[in-house]
Amino acid sequence: MTAQQLDAWGHPHGGDANGTAQHVVAELAANAVTHGRVPGRDFELRLLLLPEDTLRVEVSDARGDRRLRIVTDPDAEGGRGLVLVAVLARTWGVDEREVGKTVWAEVPLTAGGKAAAAPPPGLRTTAPVD
């Protein structure tokens, strides 16, 4: 869905901006499914095209009781997904909601921004939100 929407907005499949957006969405969605799931509730994905050719990704889930964490232990099996988001996004954060939370990231879609390139090699991409 992300790849198709970015293509419709002029950032074709196979381009750096489209690939970067897909990586960010994949990380945030994986966290929502793995750590933010509440039985009977799904997560919500919103993609917004902001001024200055910036994509805002918002992933909302129903769990507000789990804090985001970044694992820094080099021997840990996961925990680096939010590091990847931080590298690829211009900015990111968490907003509390009445029910749950929204994790968001703003990704520049042009080469003048911080994150219009593919992720660094060797960086694992899983992040527990515990």
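Structure's up top.
Just so it is clear, the structure is predicted and the values come from calculations on it, not from any experiment.

Engineer: Would you take a moment to explain the overall build of the protein chain for this structure?
Structural biologist: Of the regular secondary structure elements, the protein chain holds three helices and four strands. Seen in sequence order, the protein chain has helices and strands lined up from the N terminus as α-α-β-β-α-β-β. For the protein chain, with 130 residues in total, the buried portion stands at 42%. Look at the contacts in the protein chain between residues 6 or more apart in sequence, and 64% of them connect residues 24 or more apart. Only carbon and sulfur atoms are counted for the fraction: they give 50% of the accessible area of the protein chain, which is about 7,000 Å².

Engineer: Honestly, the sheet that holds strand β1 (residues 44-50) in this entry has me stumped. Any pointers?
Structural biologist: What links the strands of a sheet is backbone hydrogen bonding, and the strands pair in either a parallel or an antiparallel sense. The sheet built from four strands is open, its strands ordered β1-β2-β4-β3 with antiparallel pairing. Only two strands of the sheet have a single neighbouring strand rather than two, namely β1 and β3 (91-96). Going across the sheet, the axis of each strand differs from the next one's by a mean of 20 degrees, ignoring polarity. In this structure, β3 lies alongside strand β4 (residues 101-108), joined through six bridges in antiparallel fashion. Residue pairing across strands places Thr-91 opposite Glu-106, the latter belonging to β4. Each of β1, β2 (54-61) and β4 is contacted by helix α2 (residues 16-35), which is oriented at about 10 degrees to β2, the strand it contacts most.

Conventions used here
- Residues numbered from 1 in each chain as written.
- Predicted model: local features only at pLDDT ≥ 70, side-chain atom pairs only at ≥ 80, totals over all residues.
- Heavy atoms only, no water.
- Helix = DSSP H or I, 4+ residues; strand = E, 2+ residues; numbered from the N terminus.
- Buried < 20%, exposed > 50% of the residue type's maximum accessible area, 1.4 Å probe, protein only.
- Contact = heavy atoms within 4.5 Å.
- Areas by Shrake-Rupley, 256 points an atom, 1.4 Å probe, with all protein chains shown as cover.
- Pairing = 2+ DSSP bridges.
- Axes fitted to C-alpha atoms, helices over the stretch in contact; angles between N-to-C directions.

From the geometry alone we can't say anything about function, so treat these as descriptive.
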